[in-house]
Amino acid sequence: MRMKKIALLTLSISTLLNSVSSFAHGSHSHAHPQSEKAIQASKGIFDDQDVKDRPLSNWDGIWESVNPLLLSGKLDPVLEQKAKNNKDKSVEEYRDYYKKGYATDVDNISIENNIVEFNQNGQVSSCEYHYSGLKILHYASGKKGVRYLFECQDSQSKAPKYIQFSDHIIEPQTSGHFHLYMGNESHEKLLQEMDNWPTYYPYSLNDEQVVHEMLHH
């Protein structure tokens, strides 16, 4: 059974990689916010009435955790830039902050046809997810965020029962990266999680391209 699941994942990855050629190494061109409203929304500034429902297909693709890049030191240029620009934390303080934020054992995620597959420590689980609505969060900083909520439809699946996407986008648009909150208790419980937000970028980007995205977008 395990081999069969891994084979299915491999097939899914192969299919999806063909469908996300815009993310190809060396010539990626995925969408970034263009309008002033979208740019402001990416900074956590938006009117609630501008927030729209989004389909799970907005996150279709093969995705890879950036946690290994942080732990290997490859994200040091990003930490250095944040420390220089924001001056609220040192590089080491930012490193500790992101170690807690990025921490996850879900290395890869693939999404296609409302099916989400999770590769967790070499074990593969999957489930069909249905949309549960969105939640606008108000932070102490005065900024806001939006989470898009989905629920696993198979009670026998070992995949997370509840997942929530946050990618600084507030209306239907293909995602370039996202934070994913995962849990089995309830959406309400998961909405309370503010410290751990595993983060995923397209699998087809190499390490240098991921760093470039973080530095410039």
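Structure first, text after, so check above.
Rules behind the numbers
Residues numbered from 1 in each chain as written. Predicted model: local features only at pLDDT ≥ 70, side-chain atom pairs only at ≥ 80, totals over all residues. Heavy atoms only, no water. Pairing = 2+ DSSP bridges. Helix = DSSP H or I, 4+ residues; strand = E, 2+ residues; numbered from the N terminus. Core = buried A, V, L, I, M, F, W, Y, C linked by side-chain atoms within 4.5 Å. Buried < 20%, exposed > 50% of the residue type's maximum accessible area, 1.4 Å probe, protein only. Disulfide = S-S within 2.5 Å. Axes fitted to C-alpha atoms, helices over the stretch in contact; angles between N-to-C directions. Parallel < 35°, antiparallel > 145°, perpendicular 65-115°, else oblique. Contact = heavy atoms within 4.5 Å. Nonpolar A, V, L, I, M, F, W, Y, C, P; charged D, E, K, R; others polar.

Q: Could you give an account of the pairing of strand 8 (residues 199–202), with specific residues and numbers?
A: Pairing of strand 1 (residues 61–65) with strand 8 involves three bridges; the strand directions are antiparallel. Bridging from a neighbouring strand, Trp63 pairs with Pro202 of strand 8. Bridge count for strand 7 (residues 178–183) against strand 8 is two bridges, and the pairing is antiparallel. Note that in strand 8 the partner of His179 across the bridge is Thr199.

Q: Which residues make up the nonpolar core, and what are the values?
A: If you look at the biggest cluster of nonpolar residues, it comprises 25 residues, and the most contacted ones within it are Phe118, Tyr129 and Phe165. Within the second largest apolar cluster, 19 residues are counted, among which are Leu70, Leu75, Val78 and Leu205.

Q: Could you give an account of the state of the cysteines, with specific residues and numbers?
A: Within the structure shown, the criterion is met by one disulfide. Across a sulfur-sulfur distance of 2.0 Å, Cys127 and Cys152 are joined as a disulfide pair. Judged by the sign of its S-S torsion, about 85°, the cystine formed by Cys127 and Cys152 is right-handed. One end of the pair, Cys127, is in strand 4 (residues 123–138); the other, Cys152, is in strand 5 (residues 144–152), with 25 residues separating them in the sequence. One exposure class covers both Cys127 and Cys152, and it is buried.

Q: Tell me about the packing of helix 4 (residues 76–86) against helix 7 (residues 207–216), and name the residues and values.
A: Where helix 4 meets helix 7, the axes come as close as 9 Å, and the angle between the chain directions of the two elements is 10°. In terms of axis orientation, helix 4 runs roughly parallel to helix 7. Of the residues in helix 7, those in contact with Pro77, Val78 and Gln81 of helix 4 are Val211, Met214 and Leu215. Among the residues forming the contact of helix 4 with helix 7, the class breakdown is five nonpolar, one polar and no charged.

Q: Go over the environment of Lys74 with me, naming the residues and quoting the values.
A: For Lys74, the position within the fold is in the loop between helix 3 (67–72) and helix 4. Each C-alpha atom of the pair Lys74 and Val210 lies 9.7 Å from the other, and the pair is 136 residues apart in sequence. Those residues in contact with Lys74 that sit more than four places away from it in its chain are Leu69, Asp207 and Val211.

Such coordinate-based values are descriptive only and should not be taken to indicate function.
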